[in-house]
Amino acid sequence: QVQLVESGGGLVQPGGSLRLSCAGSGIPFSSYTMGWYRQAPGKQRELVADITVGGSTNYVDSVKGRFTISRDNAKNTVYLQMNSLKPEDTAVYYCHAGIATPYWGQGTQVTVSS
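Residues numbered from 1 in each chain as written. Predicted model: local features only at pLDDT ≥ 70, side-chain atom pairs only at ≥ 80, totals over all residues. Heavy atoms only, no water.

(A) Focus on the packing of aromatic side chains. Tallied over the full model, the rule gives three aromatic pairs. Aromatic pair Tyr32 and Tyr103: ring centres 6.3 Å apart, planes at 45°, arrangement tilted. With a gap of 71 residues between them, Tyr32 in the loop between strand E3 (18-25) and strand E4 (34-39) and Tyr103 in the loop between strand E9 (91-97) and strand E10 (108-112) connect regions that are remote in the sequence. Exposure remark for Tyr32: the relative accessible area of 19% places this residue in the buried category. A ring pair is formed by Tyr37 and Trp104, whose centres lie 4.9 Å apart and whose planes are at 70°; its orientation type is edge-to-face. Of this pair, Tyr37 sits in strand E4 while Trp104 is found in the loop between E9 and E10, placing the two residues 67 residues apart along the sequence. For Tyr37, a relative accessible area of 21% puts it in the partly exposed group. Here a set of aromatic residues connected by ring pairs shows up, and it is made of Tyr37, Tyr94 and Trp104. One residue, Arg45, lies across the ring of Tyr94, its end atom 3.8 Å from the ring centre. (Phe/Tyr/Trp six-rings, centres within 6.5 Å; stacked < 30°, edge-to-face > 60°. Helix = DSSP H or I, 4+ residues; strand = E, 2+ residues; numbered from the N terminus. Buried < 20%, exposed > 50% of the residue type's maximum accessible area, 1.4 Å probe, protein only. Lys NZ or Arg CZ within 6 Å of the ring centre and 35° of its normal.)

(B) Quick look at the nonpolar core. Of all hydrophobic cores here, the largest spans 28 residues; its most connected members are Met34, Trp36, Val78, Leu80, Met82 and Tyr93. When contributions to this core are tallied by element, the ones reaching two or more residues are E3, E4, strand E5 (46-51), strand E7 (67-72), strand E8 (77-82), E9 and E10. Here this core gets four residues from one element, more than from any other, and that element is E9. Apart from the residues within four sequence positions on either side, Tyr93 is in contact with Glu6, Leu20, Trp36, Tyr37, Arg38, Val48, Phe67, Leu80, Met82, Gly107, Thr108 and Val110. (Core = buried A, V, L, I, M, F, W, Y, C linked by side-chain atoms within 4.5 Å. Contact = heavy atoms within 4.5 Å.)

See below:
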């Protein structure tokens, strides 16, 4: 059974930081591209960042220079370090494993507000 469990969300003021974690099980984690997506109310889910097996990274333009995705294959965990957070970053953040797979986490809420 595949499980992806996110943690680290919460309420933070504009300009603050959060680090999201996603722990995976039931898959050969080191063989999967891992991604972070987000969905804000009334909007479609969008890719925020992903990281390949080889460590190559990709970011949506709106987070470049502020967010960093990384992975620790020994811990079956992928991270999203989010700095200089803005109110428009408010969303539910989801972890995803693989390409076009049904493997999603349950989501973690990130709220950026003063």
